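Structural features, examined
Each chain is listed here by its residues.
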Amino acid sequence: MKRGIIGLFLVLFALSACQKKDIYDPNYNPDLGVSVPDDFDWSTTKSLTVNVEVNDEYNGKRLYFVRVYIKNPKDGGLPLANEKANMDLPFSEKIVIPSSVDKLYIEQCFINANAVETVVMKEIAIKGEVIDYSFKASAKNIGSSRISSRDKDKNNKLEIKKGEERTINDTSLDNYEVEIEKGGTLRFAGGVELKNCNVDNDGTLIVNGDLTLKKTDLENDNSVHVTGNLNVDNVSEFKMDDSSCTIVEGTATLKSDKDIEMEELAYFSCSNLELLTKGVTVTMETSAWLRVTGQLMASDDCKIEYDEEDDDDYISGTKWGALLQIGEIKNQGNSNLKVDKEILVECKSPGKADIDQGSLVDDASKYITIPGTNCNDSGIGVDNPSYLGSDYTFAMEDQYPNKGDYDMNDIVVFISGESSYSSLKNRVTIKGKLIAGGANLSIIPYVGMKNARQGSKPLFTNEAGSAMDVYHAFGGEGGICPVNTNAEGGKSFSAVPFIVELNNVTEKLNIGNLDFYIRVNNHEIDCTTKNENNDIFGIVVPGKFKYPKERYNVSKCYGEPFRKWIESNGQDSANWYEGSAQDVISF
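Residues numbered from 1 in each chain as written. Predicted model: local features only at pLDDT ≥ 70, side-chain atom pairs only at ≥ 80, totals over all residues. Heavy atoms only, no water.

Some details on the overall build of the chain
Across its full length, the chain carries three helices and 45 strands. Taken over the C-alpha trace, the chain has a radius of gyration of 33 Å; the compact-globule value for 587 residues is 25 Å, which it surpasses by more than 25%. With the C-alpha coordinates of the chain rotated into their principal frame, the extents come out at 125 × 60 × 40 Å. Across the 587 residues that make up the chain, the buried fraction comes to 50%. Nonlocal contacts in the chain, meaning residues at least 24 apart in sequence, comprise 51% of its contacts between residues at least 6 apart. Summed over all atoms, the accessible surface of the chain reaches about 27,400 Å², with 43% contributed by carbon and sulfur. Charge centroids of the chain, computed over 62 positive and 92 negative side chains, lie 4 Å from each other. (Helix = DSSP H or I, 4+ residues; strand = E, 2+ residues; numbered from the N terminus. Rg over C-alpha atoms; globule rule 2.2 N^0.38 Å. Buried < 20%, exposed > 50% of the residue type's maximum accessible area, 1.4 Å probe, protein only. Contact = heavy atoms within 4.5 Å. Areas by Shrake-Rupley, 256 points an atom, 1.4 Å probe, with all protein chains shown as cover. Lys, Arg positive; Asp, Glu negative; His and termini not counted. Charge placed at Lys NZ, Arg CZ, Asp CG, Glu CD.)

Thoughts on the nonpolar core
Counting residues in hydrophobic clusters, the biggest one holds 56 residues, and the most contacted among them are Phe268, Leu273 and Ile304. With residues up to four places along the chain from it excluded, the contact list for leucine 273 reads Ala252, Leu254, Phe268, Leu290, Val292, Gln295, Leu296 and Met297. (Core = buried A, V, L, I, M, F, W, Y, C linked by side-chain atoms within 4.5 Å.)

Notes on the sheet that holds strand 6 (residues 91-98)
Sheet strands pair by backbone hydrogen bonding; their relative direction is either parallel or antiparallel. What the three strands build is an open sheet, ordered 6-3-9; its pairing is mixed. Two strands in the sheet have a free side with no partner beyond their single neighbour: strand 6 and strand 9 (130-134). The mean inter-strand angle of the sheet, taken between neighbouring strand axes irrespective of direction, is 25 degrees. Summarising the sheet, strand 3 (residues 45-53) and strand 9 pair through five bridges and their orientation is parallel. Opposite glutamate 53, over in strand 9, you have serine 134 as the bridge partner. (Pairing = 2+ DSSP bridges. Axes fitted to C-alpha atoms, helices over the stretch in contact; angles between N-to-C directions.)

Topic: the confidence of the model for the chain
Averaged over every residue, the pLDDT of the chain is 90; residues scoring 70 or more account for 92%. Within the model, pLDDT remains below 50 along residues 138-154, and this stretch shows 35 contacts once partners closer than five positions in the same chain are excluded. (pLDDT = per-residue confidence, 0-100.)

Digging into the side chain of asparagine 86
With respect to the helices and strands, the residue asparagine 86 is situated in the loop between strand 5 (81-85) and strand 6. In terms of polar contacts, asparagine 86 uses its side chain to reach the backbone amide nitrogen of leucine 89, at 2.9 Å. Ignoring anything within four residues of it in the chain, the contact list for asparagine 86 reads Val54, Asp56, Gly60, Arg62, Leu63 and Tyr64. (Polar contact = N/O pair within 3.5 Å; in protein donor to acceptor, adjacent residues only side chain to side chain.)

A few points about the layout of surface pockets
Here the idea is plain: a probe the size of a water molecule rolls over the atoms and shows the empty space left. Quantified by volume, the largest pocket comes out at close to 420 Å³. Every residue lining the largest pocket is counted, 20 residues in all, and those nearest its centre are Ser43, Thr45, Lys450, Thr528 and Val540. Residue classes in the lining of the largest pocket are distributed as nine nonpolar, six polar and five charged. (1 Å grid on protein atoms, 1.4 Å probe; cavity = no way out; pocket = protein on both sides within 12 Å on 5 of 7 lines; lining within 4 Å. Points joined across faces, edges and corners; volume = space filled by probe spheres on them. Nonpolar A, V, L, I, M, F, W, Y, C, P; charged D, E, K, R; others polar.)

Observations regarding the pattern of salt bridges
Within this structure, the stated rule accounts for 24 salt bridges. For glutamate 107, the salt bridge goes to arginine 67, with nearest N and O atoms at 3.9 Å. Here glutamate 107, found in strand 7 (residues 103-111), pairs with arginine 67, found in strand 4 (residues 64-69); they are 40 residues apart in sequence, far enough to count as distant. Each member of the pair, glutamate 107 as well as arginine 67, carries the same accessibility label: buried. Of the charged contacts, one joins aspartate 354 and lysine 338 as a salt bridge, the two residues approaching to 3.6 Å between their closest N and O atoms. With aspartate 354 in the loop between strand 31 (343-349) and strand 32 (360-361) and lysine 338 in strand 30 (residues 338-339), this residue pair connects regions lying 16 residues apart in the sequence. Put simply, Arg453, Asp515, Arg519, Glu524 and Asp526 are held in one network by salt bridges that share partners. (Salt bridge = Lys/Arg side-chain N within 4 Å of Asp/Glu carboxyl O.)

So, the packing of aromatic side chains
Centre-to-centre distance and the angle between the planes together describe a pair of aromatic rings. For the coordinates displayed, the defined rule picks out 23 aromatic pairs. Ring centres of tyrosine 446 and tyrosine 517 lie 5.4 Å apart, and the angle between their planes is 5 degrees; this geometry places the pair in the stacked category. In this pair, tyrosine 446 is assigned in strand 38 (residues 444-449) and tyrosine 517 in strand 41 (residues 514-520), connecting sequence segments 71 residues apart. We classify tyrosine 446 as buried; its relative accessible area is 10%. Given a relative accessible area of 1%, tyrosine 517 falls into the buried group. With 5.3 Å between their ring centres and 35 degrees between their planes, tryptophan 565 and tryptophan 576 make a pair best called tilted. Separated by 11 residues along the polypeptide, tryptophan 565 in helix 3 (residues 554-567) and tryptophan 576 in the loop between helix 3 and strand 45 (584-585) bring together distant segments of the chain. The class for tryptophan 565 is buried, based on a relative accessible area of 2%. The rings of Phe40, Trp42, Phe545, Tyr558, Phe562, Trp565, Trp576 and Tyr577 are connected pair by pair, giving a single aromatic cluster. Taking the ring centre of tyrosine 446 as reference, the NZ or CZ of arginine 519 above it sits at 4.4 Å. The side chain of lysine 544 reaches across the aromatic face of phenylalanine 414, ending 5.8 Å from its centre. (Phe/Tyr/Trp six-rings, centres within 6.5 Å; stacked < 30°, edge-to-face > 60°. Lys NZ or Arg CZ within 6 Å of the ring centre and 35° of its normal.)

What to know about the side chain of aspartate 407
Position of aspartate 407 relative to the elements: it lies in the loop between strand 34 (392-396) and strand 35 (411-415). Despite its burial, aspartate 407 remains without a salt bridge, the nearest opposite charge being carried by arginine 551 at 6.0 Å. In contact with aspartate 407, other than residues within four places in its own chain, are Glu397, Pro548, Lys549, Glu550, Arg551 and Tyr552.

Here's what the structure looks like:
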C-alpha cells in the first residue's frame, strides 16, 4: 500500500515537472526574478497637463504668473512650471513628476508695479492625467471701464463695442466722441487727423500711418499702435493710463503745453521723441517705462519727473521708480533736459542732459525689474525660472551590448531639483554630484537636452577642456578601479559636485527631456538603452537612491516591492525605492 502511494506521488511530481518545463515565458528575466511586460518603460515618473484660469482683475492689461509645485513652497518647494497668464493668455503646461506624487500646489502670482508679489495658492489632488483649476472668484474687477471726466457734448459719436473690429478709411475726423471698449478694435486704414475730438480708448487703436492730434484729448487705457509718426499739437492732451501701451514706429512729436502723464506701468515706445514746447514735463509713476530707440530732442527747461514721493513706491530693492531708455539725448535750446534721480536712465549718449550719475547705466535689466504687461515684451529684468522641482538619481550599467549584473552602480549621478531653466537667459543650469563609479572601464558622463544631443556637455573637464572619465573626476590616479561601491580593492572618495550650463535652450526643463548618458567603449548608453535580450542599462529614480553594493542585484536588494512594480507595469509599488532595502549604500 505504501509503495502504491509513493509511486502515485512520483508520477504526479513527474507530471508537474513536465508541465512546468513546457511553460515558456519570453519576458521572464532570470536576473531580476520577474516577468517584464512588453510595454514596461521602467519609468518612475508620470506626465500631467495642468490648465489654470487666473482671476484677471485687469482685463488682460497685466500679466500674472502661474506656478506649479509638487512640494509646498513654504517648505522649500520650487516651481516645475512658471508661466505668464491672463484672461487672453491661458496657462496650459505639461509637467513630469515622480509617479508617487498625489497632489500639486498651484500659485497665482501678481507682480505689483513696485515688483512686490501678491500670491494666492491652492492645494490640488491629482486625479487623472489632466488637472483643470480656476482662480476665478467674486473679486472686485479693478480694470473695469471708468467714467471719463471729459466733455461728452460732441456732434458725432463713434463707439466700438467689446469683440467688435472696425476699419475706417477716413483720413480725418472732426468733432467726434470716440469710445473703444475693452476687447474692441478700431483700425484706421491709413494716416488720420483727429480734430476737436475726445478719444477714450479701453481697447485697441491701430493707425496704419501717421496719427495727428489737433485740439484733441486722447486717453489711452489699453493699447495704441501707430505705424508712422505721432504728432500732438500744443492744445491737445495725450495721457497714458495705468498699464497702458503706446507704440509709435516712427517719431513722436509732442508740442503740447500740458504735462504728459505716464501712470503706473505705462509703456511708451518710439523711434525718436521730440519735446518741442518749452518747459514741458513728462511725469512718470511707478514702473512707467519710456523707451526711445533713437534720439530724444528736448526744448529749454523740459523735465522728466518721478511722480511719487513715498519710498514704498520705488521698485522693490532699488532706489528708482521708473525707467527711461534712450539711444541719444540732444537739447534744442540753451538749457539741458533734467531727469529726476528717482528715474533709472539707460543711455549710451546722454549728451549734456542733467542726469544723476548714480542713475545712469548701460543695461537697466541688471538693476531693476519692471513687471510685464500685454505689450512691453514681458517687462524688463523679469525672470520666471522653472525647476526640476525634485531630486533624481541616475544609476547605470556599462557592459552594453553585453548583459550587466544589475547592481546599477557602474556610475551613480545625483541631479538636484534646483536644476533650472531661465526664460530670461534661455539657459538650462544642471546641478548635481557624482556619487559612485563601480566600473573598471573608462566612463564619461554627459548631460544635455534630448532634442539636441549634439549640444550636450561632459559633466567634468580637465584644464585643457577635455572630457574627464568618472575615476579621474573623483581624483583617482593610475589604473581605473571602483569608487564608493564597497567593492573589494575599490576606493572611497567624496562626492564630486558639478554645474553644467546649456545656453540657447528654448524648451523648458523637466526630467522627461533631460538627457543624461554615458560614453563607454564607443557606445552611448542612457536609461532607454536595451540590448537584443531586452536587458536595461539604467534607471532614473526620484530622490537620493540607495544604490546596491558591488555585485548585489537591485531586485534582491529591494525585494518584493521592486518586482511588484515591474509585474504591475508600474501601477503598484510606485515608491518601491522609498522602502527598506538590504545591501545598499546611502549618500
